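Descriptive structure summary
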Amino acid sequence: MGNTSIGLWLGGCRYSRQLPITEFAHKTANGELTISCRDRHCPKCLGGAAREWLAAREADLLPVPYFHVLFSLPKQIANIAYHNKAVIYGILFKAAADTLLTIAADPEHLGARIGITAVLHTWGSALTHHPHLHMIVPGGGFSLDGSRWISCRPDFFLPVQVLSRLFRRLCLEQLAAAHDAGRLQFFTVHAALADTKAFAAYLAPLRDAEWVVYAKEPFGGPEQVLRYVARHTHRVAIANSRLIAIDHEGVSFKWKDYRVDGPERIKVMTLAPEEFIRRFLIHVLPAGFHRIRHYGLLASSRRRQNIARARQLLNVAAPQPHHAAAENVPPADSTSLRPCPCCSGRMFVIEVFARGRTPRYRATAPVRDMRIDTS
């Protein structure tokens, strides 16, 4: 089977490699061939992986209230994260998780060991840089001796002012330690911050500022927040559904203006192509950086045992396995549209052949007519 050189443009980044033309190819309803890049930042690919993640998290839900907690970084720190993504985002994860675990374990507040699922978002609706963590937290946890389940109040988790101040202190301490260890880099307008005293002066105003920590019980239940978060676990920044027009003049897309209430909140923004690409690339994460992390009772190493123990303490049975994805797949036949196993895009099955046998089908369309779908 012949190979073809596939050059993919994704948010301004080009990925080229030699691969069999059918390795990641599937036919759309109109007969065109599309290629799945399977990059974790792609607005289209990995939909199947996101659904699998959602199903796994829903299977872990306990019959208790859940809370949606949001931790945001101040603009001054977000500005120096452009060239220090792994360090700054890592500090955000660690400081936020330590804050929740510490305050929850304090007998003056909850006195329990809790579990946390945290997902990093780095964008605002207009693709601006806005690093923040979405945390989904069960409303309770194990007693410190592990003998019983301690529930929080149905409508109150932990005091946000206490969370905010501890989060602020832990972030600033870890930033100073990272600077002392030479782990931060500074360029252009921030080049002077390489000096220890200049960096301390830069952070000084933040020690008295109020940091944003937001906590509320999820409206409609934890499943709703999980579905919201799952839309961004395996892609970043923008969904195809928000794109309105793309041409040489610019890219138009829908965005939410949170300063406005009502239908007028949804607006349309048009950016020059290079500006749209620049904003998208802001949100590309360093290689190997984990956007989803679990802490406390939900830490991956002990999650299964802790979930089983929590159900035992709550006196509830484990839910029956539910394979939602399989229910959405139509019966297999030669004309049905089925999801691609790689990216869950629409795929037209053109041939099924046994292992080791040569397929009879050959793509007849010239390469110049192939549409490379990187939306």
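As a reminder, the structure under discussion sits directly above these lines.
Notes on the structure in this doc start here. (Residues numbered from 1 in each chain as written. Predicted model: local features only at pLDDT ≥ 70, side-chain atom pairs only at ≥ 80, totals over all residues. Heavy atoms only, no water.)

1. Focus on helix α8 (residues 303-314)
With 12 residues, α8 should cover 16 Å at 1.5 Å per step; its first-to-last C-alpha distance of 16 Å lies within 8% of that length. All of the buried residues along α8 are Arg303, Asn306, Ile307, Ala310 and Arg311. Viewed along the axis of α8, the buried residues span an arc of 135°, placing them on a single side of the element. Away from its buried face, by an angle of more than 90 degrees, α8 presents the exposed residues Arg304 and Gln312. Of the residues flanking the end of α8, it is Asn315, one or two places downstream, whose phi is positive at about 60°. (Helix = DSSP H or I, 4+ residues; strand = E, 2+ residues; numbered from the N terminus. Expected span 1.5 Å × (residues − 1). Buried < 20%, exposed > 50% of the residue type's maximum accessible area, 1.4 Å probe, protein only. Arc of directions from axis to C-beta.)

2. What about the side chain of Asn84?
Structurally, Asn84 is set in the loop between α2 (75-80) and α3 (85-105). Within polar-contact distance, the side chain of Asn84 engages the backbone nitrogen of Gln185 at 2.6 Å. Other than its neighbours up to four places away in sequence, Asn84 contacts Tyr89, Arg183, Leu184 and Gln185. (Polar contact = N/O pair within 3.5 Å; in protein donor to acceptor, adjacent residues only side chain to side chain. Contact = heavy atoms within 4.5 Å.)

3. As for the sheet that holds strand β12 (residues 243-246)
What holds strands together in a sheet is hydrogen bonding between their backbones, with the strands either parallel or antiparallel. Strands sit in the order β12-β13-β14 across an open sheet of three strands; the sheet is antiparallel. The open sheet terminates on both sides in strands that have one partner only, identified here as β12 and β14 (266-271). With direction set aside, neighbouring strand axes in the sheet form an average angle of 25°. Relative to β14, strand β13 (residues 251-256) is paired through six bridges, and the arrangement is antiparallel. (Pairing = 2+ DSSP bridges. Axes fitted to C-alpha atoms, helices over the stretch in contact; angles between N-to-C directions.)

4. Some details on the sheet that holds strand β8 (residues 129-138)
Reading across the sheet, the five strands line up as β11-β5-β8-β7-β15 and stay open at both edges, with antiparallel pairing between neighbours. Strands with a single pairing partner mark the edges of an open sheet, and in this sheet they are β11 (213-216) and β15 (292-296). Across the sheet, the mean angle separating the axes of adjacent strands is 20° when strand polarity is ignored. Note: strand β5 (residues 66-72) against β8, seven bridges, orientation antiparallel. Each bridged residue has a counterpart across the sheet, and for His68 the counterpart in β8 is Ile136. Those strands touched by helix α6 (residues 222-230) are β5, β7 (115-123) and β8, and its axis lies near 150° from that of β8.

5. What about the pattern of salt bridges?
The final tally for this structure, using the stated rule, is 10 salt bridges. Here Glu58 ties to Arg227 by a salt bridge, and the two come within 3.5 Å at their closest N and O atoms. With Glu58 in helix α1 (residues 47-59) and Arg227 in helix α6, this residue pair connects regions lying 169 residues apart in the sequence. A residue is classified by how much of its surface remains accessible, and Glu58, at 27% relative accessible area, is partly exposed. Each of Arg57, Asp60 and Arg303 takes part in salt bridges that share partners, so that together they form one network. (Salt bridge = Lys/Arg side-chain N within 4 Å of Asp/Glu carboxyl O.)

6. Focus on the packing of aromatic side chains
The relative placement of two aromatic rings is captured by the distance of their centres and the angle of their planes. Evaluation of the coordinates by the stated rule reveals eight aromatic pairs. With a centroid separation of 4.9 Å and an interplanar angle of 65°, the aromatic rings of Phe71 and Phe167 are classed as edge-to-face. With Phe71 in strand β5 and Phe167 in helix α4 (residues 160-180), this pair connects stretches of sequence that are 96 residues apart. According to the relative accessible area criterion, Phe71 is buried, its value standing at 0%. Judged by its relative accessible area of 0%, Phe167 falls in the buried class. The rings of Phe71, Phe167 and Trp211 are connected pair by pair, giving a single aromatic cluster. One cation-aromatic arrangement involves Arg293 over Phe93; the distance from NZ or CZ to the ring centre is 4.2 Å. Residue placement shows Arg293 over the ring face of Phe289; its charged tip is 4.7 Å from the ring centre. (Phe/Tyr/Trp six-rings, centres within 6.5 Å; stacked < 30°, edge-to-face > 60°. Lys NZ or Arg CZ within 6 Å of the ring centre and 35° of its normal.)

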